[in-house]
Protein chains: 2
Amino acid sequence: MSADNNEQAREQLIDLAAQFYDQFELGEIPHMSVPTRTKNNIEYDEDSDVWVYGDRESTRSANSVRGARKLLKAVYTIDFLADQLEEDRSSTLRELYYLSESWDNEEAQFSDQDESNSLIEDLEIVSGVTREDFHMRPEESGATIMGPLHLREQTRRGEREIHCQEDVGEGGYQIPNNPDTIEFLDCEADFILAVETGGMRDRLVENGFDEEYNALIVHLKGQPARATRRITKRLRDELSLPVTVFTDGDPWSYRIYGSVAYGSIKSAHLSEYLATPQAQFIGVQPADIVEYDLPTDPLSDSDKNALESELSDPRFQTDYWEEQIELQLEIEKKSEQQSLASHGLDFVTETYLPERLSEMGVL
Amino acid sequence: MSADNNEQAREQLIDLAAQFYDQFELGEIPHMSVPTRTKNNIEYDEDSDVWVYGDRESTRSANSVRGARKLLKAVYTIDFLADQLEEDRSSTLRELYYLSESWDNEEAQFSDQDESNSLIEDLEIVSGVTREDFHMRPEESGATIMGPLHLREQTRRGEREIHCQEDVGEGGYQIPNNPDTIEFLDCEADFILAVETGGMRDRLVENGFDEEYNALIVHLKGQPARATRRITKRLRDELSLPVTVFTDGDPWSYRIYGSVAYGSIKSAHLSEYLATPQAQFIGVQPADIVEYDLPTDPLSDSDKNALESELSDPRFQTDYWEEQIELQLEIEKKSEQQSLASHGLDFVTETYLPERLSEMGVL
């Protein structure tokens, strides 16, 4: 991370605190407005092709003790973040919560971690600086890349040049918490295949799918971390690589696809930074369950509710998703990606993926 | 993986199936005996310093339809594994479950994944071959190493030489599913620090703890995968490195320590392969909660039950653990490792760990 970036993020934070002084001078009660973060307040942005917050706002104001305490906590947090940036250090969301216990003003201490997490989100939205640029790390990132990509990562210990096939073990290249420390040097991949489960990721690597099809295999590891979504977006934008997402065939996995492609409600303020609207869903599609006669489990009540809720989610209101979701509600079945193994261990790499990639126009 | 290893594992599996033929010839009903896998049937092995199964056995016999079906499934699985080894391929436990749907005999198909998982464990125990040597992969491994270790990994794509500080990004070196493919070339570490949470692992790496103290930081990632436990044991045995385990201060985390040090009930047959009886617990100890005045959460009822159950667990019947667990039941509090941040972000690396490592005689 460059000192320039740190300084810029620091200034934007301090500007935020300075607003409170301006409000005092104008005789106003100090306050801060943030967009309401609910499904009803996200809308499609035609320019950037992603979902963003609408116009509804909630206001934190010092006109109540509760509101004043919220602003006090915001100011203490801004102070901590500004120091952290000045020292070029970083911390986790959980450390921030515990660290608040050392603050001199007890009223400024967080009562639980939900409160500090949500304050950091507010600060991201209002300042326009991402958590990564505040140097706040998540608890876990842990996802990996395998494929023909040569990159340079700027670490605290100097630069590292790594080829994501030749310089890594079978486990692949570990994506750092802040992938904006990475520069892409050279890439021979034709497309990205983002994969939900570790078992499938290992299958593709064992079968040499990345070598045979010039694919970058990105392991999503369930609901993907921000770092994984960010590097996927950068690979798409900077290297013009098509992005395909391969998950289990159930409503929870469609949400994984949704968070890669459209962003999430919780972080709609970051859609332009994290979402890859060009990402295409490979499967497992409900249509595949029928076509390939896959082993299935019955839909549970919560599966059905989740599918119904997706039908009313603006991110899934396309003909494609309506058709697939309605088919799934009709057959009342779901299948995991590894169920493709019922046709043999090579079926996924020799038949299923090539067929789907051709249909989608990627191959 | 060498062809020799594959051939040896294959032969041991086939010997197992051959037993059934021998039993037929002797006029016996085919059967297979496996140790009973419960807490009452694990005992301390003085020679190897780990907990192993006792003498109680349960028998799978073809004298009932249910028993005969179990043996049929075992034979089909042995056949699959023998083919897999011959072709030098591998698969996941979940793939095995799905793959059984393609077997010609419907009676041999698994009805759920618990059944196939538990059969693989039976085969490990009876054959004396580990799952890794059967080439069965887990769903996830995902843990990492950072520190002054230079190693060579044998991958399907050839050998990779990797230094776990100089050749990796901030994410560290990703441990492969089968760490027996690794050869240690050179190691300048003085000890291993195995760490439960990602947040703490990142803190130690950011603070340069591995460089300043010549430590190998192994991320356990919660309950450690077999690959993580196996590489920890090999580092201890082959490089004579002291192993220290750093977790949250609650009963679930003591079990994480227990699984590194003594093995687990479910895999007591693998203790000699996976357990590191020399591993020492650094903390967070209940005594630390008091001494360092850490932020705490109250013990829940299930925490208390888990502590009580540890008091009767043979693995925890030492003066040290009895004292710590009784203290915790008395104060009725628990603390996370990141709560050390309440004394500042450097407290863990500048004060807490050096103090504890000195007390333990590691530094």
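Residue indices begin from 1 for each chain and proceed along its sequence in written order. Chains and ligands are labelled sequentially in the order written, the chains with letters from A and the ligands with numbers from 1. This being a predicted model, a pLDDT of at least 70 is required before a residue's local features are given, and a value of 80 or more before pairs of side-chain atoms are given or counted; all residues contribute to the totals for chains, interfaces and linings. The basis for every side-chain value is the complete set of heavy atoms in the structure, and neither hydrogens nor water enter the calculation.

### A few points about the UniProt feature "binding site: Mg(2+)" (unreviewed entry) in chain A
Residues and elements named next belong to chain A.
And then number 1: If you check UniProt for "binding site: Mg(2+)" (unreviewed entry), the listed places come out as E196 and D248 in our numbering. Considering the C-alpha atoms alone, the annotated residues occupy 53 residues of sequence yet fold into one spot, their largest mutual distance being 7.2 Å.
And then number 2: Per the convention used, a helix needs a DSSP run of H or I reaching at least four residues, while a strand needs a run of E reaching at least two, with both numbered from the N terminus. Considering the arrangement of structural elements, one finds E196 in the loop between β12 (191–195) and α6 (198–206).
And then number 3: Throughout, a contact is declared for two residues whenever any of their heavy atoms are within 4.5 Å. Excluding its chain neighbours within four sequence positions, the residues that come into contact with E196 are H219, L220, K221, G222, F246, T247, D248, S253, I256 and Q337.
And then number 4: For D248, the contacting residues outside a window of four places in its chain are E196, T197, S253, Y254, V284, S335, E336 and Q337. UniProt positions are given in the numbering used here, feature names are shortened, and annotations may be inferred rather than shown by experiment.

### Structural notes on the side chain of T276 of chain B
All names here are of chain B.
And then number 1: Tracing the chain through its elements places T276 in the loop between α9 (271–274) and β15 (280–283).
And then number 2: Each residue is placed in one exposure class: buried if its accessible area under a 1.4 Å probe, protein chains only, is under 20% of its type's maximum, exposed if it is over 50%, and partly exposed if it falls in between. By relative accessible area, T276 is classed as buried at 1%.
And then number 3: If sequence neighbours within four positions are ignored, T276 has contacts with T232, K233, R236, V243, V260 and A261.

### Concerning the pairing of strand β3 (residues 50–53) of chain B
Two faces belong to every sheet, and in a regular strand the side chains alternate between them.
And then number 1: In this scheme, strands are said to pair when DSSP sees at least two bridges between them. Both strand β2 (residues 42–45) of chain B and β3 of chain B contribute to a ladder of four bridges, which runs antiparallel. In the strand pairing of β3 of chain B, I42 of chain B is matched with Y53 of chain B.

### Quick notes on a negative patch on the surface
And then number 1: A surface patch of negative charge is lined by E166, D167, D186 and E188 of chain A together with E166, D167, D186 and E188 of chain B.
And then number 2: With respect to the helices and strands, the residue D167 of chain A is situated in the loop between β9 (158–163) and β10 (173–174). Each patch groups residues whose relative accessible area exceeds 30% and which form no salt bridge, using 9 Å between like charges and 5 Å between nonpolar side chains of Val, Leu, Ile, Met, Phe, Trp and Tyr. Working definition of accessibility: Shrake-Rupley area with a 1.4 Å probe, residue cover restricted to the visible protein chains. Take a side-chain nitrogen of Lys or Arg and a carboxyl oxygen of Asp or Glu: if they are within 4 Å of each other, that pair is a salt bridge. His residues and chain termini do not enter the charge count, which takes Lys and Arg as positive and Asp and Glu as negative. To locate a charge, the coordinates of NZ of Lys, CZ of Arg, CG of Asp or CD of Glu are taken.

### Considering the relation of the copies chain A and chain B
And then number 1: With an RMSD of 0.0 Å, the operation that places chain A on chain B is a rotation of 180° combined with a shift of 0.0 Å along the axis. A rotation of that kind, with that shift, is consistent with a two-fold axis.
And then number 2: Comparing interface residues between copies, 100% of those in chain A also lie at the interface in chain B; the contact surface is shared. Least squares is the method used to superpose the copies, on C-alpha atoms of residues holding a pLDDT of at least 70 in both.

### Re the pattern of salt bridges
And then number 1: Evaluation of the coordinates by the stated rule reveals 62 salt bridges over all chains.
And then number 2: Between K233 of chain A and D237 of chain A there is a salt bridge; the shortest N-O distance is 3.2 Å. Taken together, the residues K233 of chain A and D237 of chain A, both in helix α8 (residues 226–239) and four residues apart, mark about one turn of the helix.
And then number 3: For K233 of chain A, a relative accessible area of 10% gives the class buried.
And then number 4: Several salt bridges converge on common partners, so that one network encompasses R89, E95 and R137 of chain A together with R201, D202, R203, E206 and D346 of chain B.

### Section: the sheet that holds β12 of chain A
Residues and elements named next belong to chain A.
And then number 1: Overall, mixed pairing links the six strands, which are arranged β10-β7-β13-β12-β14-β15 in an open sheet. The strands lining the two open edges of the sheet, one partner per strand, are β10 and β15 (280–283).
And then number 2: Here the axes come from fitting lines to C-alpha atoms, over the contacting stretch only for helices, and the angles between their N-to-C directions go from 0 to 180 degrees. Contacts between α6 and the sheet are confined to β7 (144–146), β12, β13 (215–219) and β14 (243–246), with β13 contributing the most and set at about 155° to the helix.

### Here's the deal with helix α5 (residues 198–206) of chain B
In an α-helix there are 3.6 residues to a turn, and that puts residues three or four apart on one side.
Residue and element names in this part refer to chain B.
And then number 1: With respect to burial, α5 is a largely interior element, nine of its nine residues being buried.
And then number 2: When α5 is considered as a whole, its buried residues turn out to be G198, G199, M200, R201, D202, R203, L204, V205 and E206.
And then number 3: Of the residues flanking the end of α5, it is G208, one or two places downstream, whose phi is positive at about 70°.

### Topic: the sheet that holds strand β9 (residues 158–163) of chain B
Residues and elements named next belong to chain B.
And then number 1: Pairing in this open sheet of three strands is antiparallel, and the strands run β9-β8-β11 from one edge to the other. For this open sheet the edge positions go to β9 and β11 (182–187), each flanked by a neighbour on one side alone. The average angle at which neighbouring strand axes cross in this sheet is 20°, direction not considered.
And then number 2: Strand direction decides the pairing type here: strand β8 (residues 149–155) and β9, joined by six bridges, are antiparallel. Each residue of the ladder has a partner; that of L151, found in β9, is I162.
And then number 3: Of the strands in this sheet, β8 and β11 touch helix α7 (residues 226–239), which is tilted by about 50° from β11.

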